[in-house]
Amino acid sequence: MRGMFSYSGIATKTRAMGGKLLTREDFINLASSRSVAEAVGYLKQRTAYGAVLSDLPEDHLHRGEIEQRLSQSLFHDFSKIYRFCNLKQRSVLELYFCKYEIQALKGALRRIFNPTTREQRSGQEDAVFQYFSKIELERLNGASDISEFLEALKHTPYYDVLSQLERREKKDLFDFEMVLDMFYFSNIWKKKEKLLKGKERELMTQVYGSQIDMLNMMWIYRAKHYYQMSPAAIYTLIIPISYKLRKKQLQDLVEAEDEKALEEATRETWYGQRHQELTETDLELLHRQLLWRIYQVDQHRNPYSMTAVTSYLYHKEQEIDQLTTILECVRYGLAPEELSAYIP
């Protein structure tokens, strides 16, 4: 009863917002568009994205500008939900928001390590993002090297974590992204114990524990398949948290002598028993399917909890990813039937 009272407003708000997410019919219509301008016109007139796209000229559309507006839509939704939350719920949302900060950091890092990258500066300069973040995004996005990048992160938790990495003689983009991921999941795993209790803590443990296990498995696969890294080196990549993946199983994966042994060790895990063969592509697909199932099931079983919020944000994020991919495929003239894989 207490949960229903505490979350009734949030549950009602997220249900209403969820009703405005794109339907399968919307995605089919977008995939059938003859141009990006036609697709953007559809979004303006027929969907909730009309508010952020309304003043975007359809005769002069850049990929980065479109992605910026879609990001604004996500942050505006985050802000709407935040206003319905009490202090405790806001603390959980602020912890969740670190995910968006790290996406911004990774984008800036990719531009530094590869100045010719096509990745655009995102819509995270939006005032809503700046309200929740202490990151000086103007300085961050203007950084041309790691020193300037770190200078923009002073007075944030990311500075101490990444400045230690800067002192290494050899470092690359992968190192920085890996450290950021390890920081995010370790931080959220530790703080959820203080912020949540009972069923809510159990739900968050399930969501993030599964993500951590799957990321560790994917990193092990990539380290062995692409970089032929030694077990000692691979252990430095591992997030030191286990959920369904037991420590002995993790050790077997890291120390597998070849890909055949790695596949056999993978099949012994809780995740491997749910999928006969797990290549890198399979692992990523299973990761997405597992998260989707967790959010769907928990949202129905526990509608009056923070799952109402995190589930909505997850589906909104997935929608924007799919929408961005479809718009890019339309830009390059792919036939509608070729886009079926991207239609949920």
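Below, the structure is looked at part by part. Since we're looking at a predicted model, the values are computed, not measured.

Pairing between side chains of opposite charge can happen when the charged atoms of each approach one another. Applying the stated criterion across every chain yields a total of 17 salt bridges. Two residues, R110 and E177, come together in a salt bridge whose shortest N-O distance is 2.9 Å. Of this pair, R110 sits in helix α6 (residues 87–113) while E177 sits in helix α11 (residues 173–195), and the two are 67 residues apart along the sequence. Residue classification places E177 among the buried residues on the basis of a relative accessible area of 16%. Among the salt bridges present, the one from E193 reaches K192, with a minimum N-O distance of 2.3 Å. Exposure remark for E193: the relative accessible area of 36% places this residue in the partly exposed category. Among the ionic contacts, a cluster of salt bridges with common partners joins D55, E65 and R69.

Under the counting rule described, the total for this entry stands at 20 aromatic pairs. With a centroid separation of 4.8 Å and an interplanar angle of 75 degrees, the aromatic rings of Y82 and F132 are classed as edge-to-face. Taken as a pair, Y82 in helix α5 (residues 63–83) and F132 in helix α7 (residues 127–132) lie far apart in primary sequence, 50 residues in all. F132 sits in the buried class, given a relative accessible area of 18%. An aromatic cluster is built from F75, F78, Y82, Y96, F97, Y100, F129, Y131 and F132, whose rings are joined through pairwise contacts. Over the ring of W189 we find K192, and its NZ or CZ is 4.2 Å from the ring centre.

What follows covers the nonpolar core. In this structure, F149, Y158 and L313 are the most contacted members of the largest nonpolar core, which totals 108 residues. A per-element tally of this core places α6 first, with 13 residues. F149 has contacts with L105, A108, L109, I112, L140, A143 and L162, leaving out every residue within four places of it along the chain.

Calculation rules
- Residues numbered from 1 in each chain as written.
- Predicted model: local features only at pLDDT ≥ 70, side-chain atom pairs only at ≥ 80, totals over all residues.
- Heavy atoms only, no water.
- Salt bridge = Lys/Arg side-chain N within 4 Å of Asp/Glu carboxyl O.
- Helix = DSSP H or I, 4+ residues; strand = E, 2+ residues; numbered from the N terminus.
- Buried < 20%, exposed > 50% of the residue type's maximum accessible area, 1.4 Å probe, protein only.
- Phe/Tyr/Trp six-rings, centres within 6.5 Å; stacked < 30°, edge-to-face > 60°.
- Lys NZ or Arg CZ within 6 Å of the ring centre and 35° of its normal.
- Core = buried A, V, L, I, M, F, W, Y, C linked by side-chain atoms within 4.5 Å.
- Contact = heavy atoms within 4.5 Å.

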